[in-house]
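A closer look at the structure
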Amino acid sequence: MSTEPRVVAEGVSKWFGSLVAVSDVSFDVGPGVTALLGPNGAGKSTMLRMLCGLARPSRGTVRVLGRDPRADVDVARAIGLVPQQESVFEPLTAHGFVRLAATLHGLADPGAAAAAALELVGLDPADTRRLPAYSKGMRQRVKVAQGLVHDPAVVVLDEPLTGLDPRQRAAMIALFQGFGAEGRCVLVSSHVLDEVERLGSRILVMSQGRLAAAGDFRELRALMDDRPLRVRVRTDRPRELAGALLEAGTVVGARLDGDQVLELDTNDARELARALAPAARDRDARLLEVLPLDADLEGVFRYLVQR
Amino acid sequence: MSSQQEARLFGLGYRRYDGPRRRPAWAILTLAVFTLRRVLGLGRGGRHKVLPALTLVIAYAPALVSVGFAALLEDLPVDDLITYGEYMFFIGSALALFAALVAPEALCPDRRSGMLGLYLAGPLDRDRYLAAKGAAVLAAMLAITLGPLLFMLAAFVVAGYGPSAGETPGLLLRILAVGGTAALGYAAVSLAVASFTTRRAAAAVGVVLVLFVPVIAARSAVESAGAPAELDLLSFPFLVSELSYRIFDEFHSEGQPIEELSSWVVAAGLAAWTAAGALACWLRYRRIEAHR
């Protein structure tokens, strides 16, 4: 599988009058799943619009599969967009709506392609109800079906898990992971961080119109050396263990939480990992649990957008 | 199916599409047909068909009445039949109403519902999108600018009132010229107005205002205040009917100031309206930011 970048943004800025929505953002995205994260107003939607050719960058360039998605219809056909909006597009049946997308993309048998795409997201192609009669979750799945019906090489998903129940979310996540594993470029914008974490570890974080971070979020956490890593340790002798680690300078802070729980702040997670077990052995303490507290995606995200 | 070796598991996941794909131009045709069906209410509930059907009835009524009289009254003088040239004048209101109905229905819902974003993120760029929408509105307008005239021609020929075999091709060309010019002009102007709002009702009112306010103002100024005849060039529906009279060599407005204007000036005025409408719509869509 080629790891060549499929989506490249170089020095992209976008402003509306005096409002700067995106400022000098550069990144590239290869095959697999990448999550685009950021608080409201961070510029994610504007960025996605530029990636899909819906808006022109005020400065900089956007390339999808090496070409300009706004100027090149052929590359636009290789993009599958699942939009965020919740309004119903057209008062068609689900099959009619997805078939329209398939026909526009020039598939030879749009009816069959639409039926297959709807079945893939767990909907009945023979359902005669029109989209306004569908639940929010069903409409969400119809949007996913229309975005995938033409077998796109680049899939752009804007909040694709909104409105889905846990079972459907799990199915969608598996579907997107499968796409990524097949070598497609899957770019997901989402606010649901724990589900983004299940999708994959590669993230782009936008904050205030700028790119705050790009890469594997665990590696990003390791780079945040100006912020102590918090680790929870459960042990039968927390006071003795905290004393030993503070004395050795392995941790910069320790807090007791009850009789057995100790929360440690360290600037060097590797050093703590090396020193913890010998310190426990020396103090005759039993280590019952060791758990990093803010090494998850949410911790990384919170840090990146609040710094 | 008795041996285990015959057992197979089939993947139920995503099926890749390896078949042929049509050229991007196919998307224009697809969207044009989809839009045409939508504006005519085809494949939609009954209430969506009422207004298009009513307007079509109004547009065809003069032709049907004229042909009906010709069929029923065998010795009806030809002068009593409605002429090709005056047809555009008779159905001027229906043309404006239809344009006010069709163009907003073609353009506004896409921006309001977000379909525009889906179209532009896929196989259509802005020019192709507008080409599809323009083709759909033009086809709908042709149904009432060209349809009744062709119907009259066919019916009059059958009833014996029509032109001779030698004159028919020439008349047919004139009908195509009038119908095509009128449809193109109404489509361009109404699409331009509709491109400025996402609300169908506002667009419909806007189309009616743009078509009729200049008519009232210019005609009043020319007829009552003695303003120069060139002011009539601001009256789009008036230009359409005037050009129709001239193409069919039927001069109706004896003594009217517009007689001072040559047919080329009238044609240029209509062409300017059409070009201005198309350009305004195109420029508007250059600037529109599509949402998802």
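Scroll up a little and you will see the structure.
Per chain, the residues get numbers from 1 upward, laid out in the order the sequence is written. Here the convention is simple: chains get letters from A, ligands get numbers from 1, in the order in which they are written. Given that the model is predicted, a residue must reach a pLDDT of at least 70 before its local features are reported, and side-chain atom pairs must reach 80 or more before they are shown or counted; all residues, however, enter totals for whole chains, interfaces and linings.

Re the overall build of chain A
Note the cut-off: Comment: elements are numbered from the N terminus, with helices defined as DSSP H or I runs of at least four residues and strands as E runs of at least two. Throughout, a pair of residues is in contact if the C-beta atoms placed from their backbones lie within 7 Å.
Summing up its helical and strand segments, chain A has 11 helices and 13 strands in all. Each principal axis of the C-alpha atoms in chain A carries an extent, and together these give about 75 × 45 × 40 Å. A separation of at least 24 residues holds for 68% of the contacts in chain A among residues at least 6 apart in sequence.

Here we look at the overall build of chain B
Our working rule: Any residue with 12 or fewer other C-beta atoms within 10 Å of its own C-beta is exposed, any with 20 or more is buried, and the rest are partly exposed; the C-beta atoms used are placed from the backbone.
Secondary structure assignment for chain B yields 11 helices and zero strands. In chain B, the succession of α and β elements from N to C terminus is α-α-α-α-α-α-α-α-α-α-α. Each of the three principal axes of chain B carries a C-alpha extent, and together these read 95 × 50 × 35 Å. By residue count, 41% of the 292 residues in chain B fall in the buried class. Partitioning the contacts of chain B with sequence separation of at least 6, the portion at a separation of at least 24 is 79%.

What about the packing of helix 9 (residues 238–248) of chain A against helix 10 (residues 269–282) of chain A?
Residue and element names in this part refer to chain A. Put simply, the rule reads: Axis lines are fitted to C-alpha atoms, over the contacting stretch for helices. Their N-to-C directions set the angle, which ranges from 0 to 180 degrees. An angle below 35 degrees is treated as roughly parallel, one above 145 as roughly antiparallel, one from 65 to 115 as roughly perpendicular, and anything else as oblique. By definition, turning the near helix anticlockwise from the far helix through less than a right angle yields a left-handed crossing, and turning it clockwise yields a right-handed one.
The interhelical angle for the contact between helix 9 and helix 10, taken along N-to-C directions, is 125 degrees, at an axis separation of 9 Å. On the basis of the axis angle, helix 9 is oblique to helix 10. Between helix 9 and helix 10 the crossing geometry is right-handed. Contacts between helix 9 and helix 10 pair L241, A244, L245 and A248 from the former with A275, A279, A280 and D282 from the latter.

Quick word on the pairing of strand 11 (residues 253–257) of chain A
Residue and element names in this part refer to chain A. What counts here: In this scheme, strands are said to pair when DSSP sees at least two bridges between them.
With five bridges joining them, strand 11 and strand 12 (residues 261–266) adopt antiparallel strand pairing. When the sheet's bridge partners are listed, D257 is paired in strand 12 with V261. What sits between the antiparallel neighbours strand 11 and strand 12 is a turn of three residues, in which G258 has the positive phi angle 85 degrees.

Some remarks on the interface of chain B and chain A
For clarity, the cut-off: The residue classification treats Ala, Val, Leu, Ile, Met, Phe, Trp, Tyr, Cys and Pro as nonpolar and Asp, Glu, Lys and Arg as charged. All others, Gly included, are polar.
Contact residues are listed per partner, giving 29 residues for chain B and 31 residues for chain A. For the side of chain B that touches chain A, the secondary-structure elements that each account for two or more residues are helix 1 (25–39) and helix 5 (115–120) of chain B. Element by element, the count of residues in the side of chain B that touches chain A is highest for helix 1 of chain B, at five residues. Residue classes in the side of chain B that touches chain A are distributed as 14 nonpolar, seven polar and eight charged.

A short note on the nonpolar core
Rules: Any nonpolar core is a set of buried residues, restricted to Ala, Val, Leu, Ile, Met, Phe, Trp, Tyr and Cys, that join up through C-beta atoms within 7 Å.
Grouped together as the largest cluster of nonpolar side chains are 154 residues, with contacts concentrated most on V98(A), A103(B) and M141(B). With residues up to four places along the chain from it excluded, the contact list for M141(B) reads F98(B), A99(B), V102(B), A183(B), Y186(B) and A187(B).

Examining the pairing of strand 6 (residues 154–158) of chain A
Residues and elements named next belong to chain A. Our working definition: Place the viewer so that the strands point away; then a crossover is right-handed whenever the path from the first strand over the helix to the second strand goes clockwise.
In terms of burial, strand 6 is a largely internal element, five of the five residues being buried. Across the two faces of strand 6 the burial is the same, with V154, V156 and D158 and V155 and L157 all buried. The pairing of strand 5 (residues 79–82) with strand 6 spans four bridges and is parallel. Residue pairing across strands places G80 opposite V155, the latter belonging to strand 6. Two elements, strand 6 and strand 7 (residues 185–189), share five bridges in a ladder whose sense is parallel. Opposite V154, over in strand 7, you have C185 as the bridge partner. You can see the chain leave strand 6, run along helix 6 (residues 166–181) and come back into strand 7, and the turn it takes is right-handed.

Structural notes on the sheet that holds strand 5 of chain A
Residue and element names in this part refer to chain A. Sheet architecture is open: six strands sit in the order 5-6-7-3-8-9, paired in mixed fashion. Among the strands making up the open sheet, the edge pair consists of strand 5 and strand 9 (210–216). Mean inter-strand twist for the sheet, computed between neighbouring axes without regard to direction, equals 15 degrees. Helix-sheet contacts for helix 1 (residues 44–51) involve strand 3 (32–37), strand 6, strand 7 and strand 8 (202–207), and the interaxial angle to strand 6 is about 155 degrees.

Focus: the environment of V142(A)
Mapped onto the secondary structure, V142(A) falls in helix 5 (residues 136–148). When near neighbours in sequence (up to four residues on either side) are disregarded, V142(A) contacts A94(A), F97(A), V98(A), L123(A), L131(A) and Y134(A).

Observations concerning the sheet that holds strand 12 of chain A
Residue and element names in this part refer to chain A. A sheet is described by the order of its strands in space; here four strands give the open sequence 11-12-10-13, paired in antiparallel fashion. The sheet terminates laterally at strand 11 and strand 13 (287–292), the two strands that pair on one side only. Between one strand axis and the next, the sheet turns by 20 degrees as a mean value, whatever way the strands run. Both strand 10 (residues 229–235) and strand 13 contribute to a ladder of five bridges, which runs antiparallel. The partner of V231 across the bridge, within strand 13, is P292.

Some points on unusual backbone geometry
Residue and element names in this part refer to chain A. Phi angles above zero are rare outside glycine, and L65 is one such case at about 55 degrees. Relative to the elements of secondary structure, L65 occurs in the loop between strand 4 (59–64) and helix 2 (73–76). With a phi close to 60 degrees, D151 is a non-glycine residue in the positive phi region. Judged by C-beta crowding, with 19 C-beta atoms within 10 Å, D151 ranks as partly exposed.

Interpretation in functional terms is not warranted from these geometric data alone.
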